[in-house]
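Architecture and fold: a report
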Amino acid sequence: MNSPEPNRLTQTRGKYAAKYGHEIDDWSALFLSETQEHFQSLEIRVSKSIAAIDRAALELKGRKRHLQFQDRWQALFYGLGVSVPFSIAGIVVSVLFYVLIRHGQQYVEWQRILEQYPNAPAYRLVMQHGKTIEHDGVLYLQLVPLPKKGEVQIGEHYLYDSQGKRVLVPLGSQ
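In this report, we go over the structure that sits alongside the text. Since the model is a prediction, treat every value here as computed from it, not as a measurement.

Topic: the side chain of H157
Positionally, H157 belongs in strand β4 (residues 157-161). For H157, a relative accessible area of 9% gives the class buried. Those residues within four positions of H157 in sequence are excluded, and the remaining contacts are L143, V144, P145, L146, P147, E151, V152, V169 and P170.

Details of helix α2 (residues 26-63)
Its 38 residues give α2 an end-to-end C-alpha distance of 56 Å, which sits within 8% of 56 Å, the value for a rise of 1.5 Å per residue. Taken together, the buried positions of α2 are A29, S33 and E34. Turning to α2, the residues buried within the fold contact α1 (6-20).

A closer look at the environment of Q142
Turning to its location among the elements, Q142 is positioned in strand β2 (residues 138-142). On the basis of relative accessibility, which here comes to 38%, the residue Q142 falls in the partly exposed class. In sequence terms Q142 and R13 are 129 residues apart; their C-alpha atoms lie 114 Å from each other. Here Q142 is in contact with K131, I133 and G155, once residues within four sequence places are set aside.

Section: the pattern of salt bridges
Proximity of charged atoms lets side chains of opposite charge pair with each other. One pass over the structure, following the stated rule, counts 5 salt bridges. The partner of E109 in a salt bridge is R112, and the shortest N-O contact between them spans 2.5 Å. Of the two residues, E109 and R112 both sit in helix α3 (residues 72-116), 3 residues apart, roughly one turn of that helix. Put simply, R166 and D161 hold a salt bridge, and the shortest N to O gap is 3.0 Å. Looking at D161, the relative accessible area reads 19%, which means it is buried. Within the structure, one salt-bridge network assembled from shared partners comprises R13, E23 and D26.

Calculation rules
Numbering of residues starts from 1 in every chain and runs along the sequence as written. For this predicted model, a pLDDT threshold of at least 70 governs which residues receive local features, and a threshold of 80 or more governs which side-chain atom pairs are given and counted, while totals over whole chains, interfaces and linings are taken from all residues. With hydrogens and water set aside, each side-chain value is computed from the structure's full complement of heavy atoms. Numbered from the N terminus, helices here are DSSP runs of H or I no shorter than four residues, and strands are runs of E no shorter than two. Only protein chains enter the accessibility calculation, which uses a 1.4 Å probe; a residue is then buried when its area is under 20% of its type maximum, exposed when over 50%, and partly exposed in between. We call two residues in contact whenever any of their non-hydrogen atoms come within 4.5 Å of each other. Expected span, for any helix, means 1.5 Å times one less than how many residues it has. Salt-bridge detection follows one rule: a side-chain nitrogen of Lys or Arg within 4 Å of a carboxyl oxygen of Asp or Glu.

Next comes the structure, spelled out in structure tokens:
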């Protein structure tokens, strides 16, 4: 800081003595003078800040538009015109988010099934064309014997192998 002049120190000592009735030494007068100088610069900066805030507040008040409507319906439609586009956009984004999450979960489930059952793609046609019936609380796949003539219908016909005593269900041709 700037070292105060001797006159300034003498003035500070005199003001203190006149105000409080006590004499102070040079170091105390120096400290009081420096403190007063800091407070003056701080007061100037605060005054400038307050003036800038006041100017900004006046500018904002000047930008404000006042709306006046003839009736409630006009005010309602104005409010809807302002808020409905944002509401619709929010709803659309929410629906898209839900659909993406839902399909993502289905995809993960299908991947899990395909990894767990590697032959699952071979049964696709049987699942698409097969008929199921419920008998005594049990669900069955309904198939009929393979006809002597005609085409094999995947998901509808079976072939009985009497030698192996097994039922062969066509899954598709290669």
